[in-house]
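# Structure assessment
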Amino acid sequence: MASIKFVNEDKIVFATDGANLRQKAIENGIDIYKFVGKLTNCGGYGQCGTCIVEINEGMEHLSPRTNAEDRKLKRKPDNYRLACQTMVNGDVSVTTKP
């Protein structure tokens with residue numbers, strides 16, 4: 001069982017290993033999208049790049065970056081991830097809407 005701490009929201013969510021970060025945020029009422037992303041998100045397929053989050057701690061507990069992330073995040077810091085492409089396998093700390 002992993003804990004996901006959403007820093008901006010001051011909320012901790014628990015997830016089974018292999019849980020999708022975007023899905024756990026949505027299930028727990030955490031808004032990961034900025035205004036435009038709310039209107040144009042792709043629904044979790046890694047095509048739009050609007051669900052960007054910053055990983056503060058626990059990067060080693062996440063799945064490796066996907067090809068979609070490599071394309072969408074090539075000019076972003078290494079600790080930025082697309083929530084829809086990220087599987088959680090341990091405790092992490094996340095900042096939404098970086």
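Attention in this report is confined to the structure presented alongside it. Everything quoted here is computed from the prediction, not taken from an experiment.

## Some remarks on the sheet that holds strand 4 (residues 52-57)
Strand pairing in a sheet takes place through backbone hydrogen bonds and is either antiparallel or parallel in direction. Here five strands make up an open sheet; going across it, the order is 2-1-7-4-5 and the pairing mixed. Here the strands that pair on one side only, and so sit at the sheet edges, are strand 2 (11-15) and strand 5 (80-82). Sheet twist, expressed as the average angle between the axes of neighbouring strands with direction ignored, equals 35 degrees.

## Examining the pairing of strand 2
Relative to strand 2, strand 1 (residues 2-6) runs antiparallel, the two being bridged by five bridges. If you follow Ser3 over to strand 2, its bridge partner there is Phe14. The hairpin formed by strand 1 and strand 2 contains four residues between the paired strands, and Asp10 there has a positive phi angle of roughly 50 degrees.

## Things to note about the pattern of salt bridges
Scanning all chains against the criterion turns up three salt bridges. Here Glu27 and Lys24 are joined by a salt bridge, their closest N and O atoms 3.0 Å apart. Here Glu27 and its partner Lys24 are both found in helix 1 (residues 21-27), three residues apart, which amounts to about one turn of the helix. Relative accessible area serves as the criterion here: at 48%, Glu27 is assigned to the partly exposed category. Given a relative accessible area of 16%, Lys24 falls into the buried group.

## Considering the nonpolar core
Counting 24 residues, the largest nonpolar core has Ile4, Phe6, Leu21, Ile32, Cys51, Val88 and Val94 as the members making the most contacts within it. Elements with a contribution of two residues or more to this core: strand 1, strand 2, helix 1, strand 4, strand 5 and strand 7 (92-96). Each residue touching Ile4, except ones within four places of it in the same chain, is listed here: Lys11, Ile12, Val13, Ala15, Leu21, Lys24, Val88, Val92 and Val94.

The rules we used
- Residues numbered from 1 in each chain as written.
- Predicted model: local features only at pLDDT ≥ 70, side-chain atom pairs only at ≥ 80, totals over all residues.
- Heavy atoms only, no water.
- Pairing = 2+ DSSP bridges.
- Helix = DSSP H or I, 4+ residues; strand = E, 2+ residues; numbered from the N terminus.
- Axes fitted to C-alpha atoms, helices over the stretch in contact; angles between N-to-C directions.
- Salt bridge = Lys/Arg side-chain N within 4 Å of Asp/Glu carboxyl O.
- Buried < 20%, exposed > 50% of the residue type's maximum accessible area, 1.4 Å probe, protein only.
- Core = buried A, V, L, I, M, F, W, Y, C linked by side-chain atoms within 4.5 Å.
- Contact = heavy atoms within 4.5 Å.

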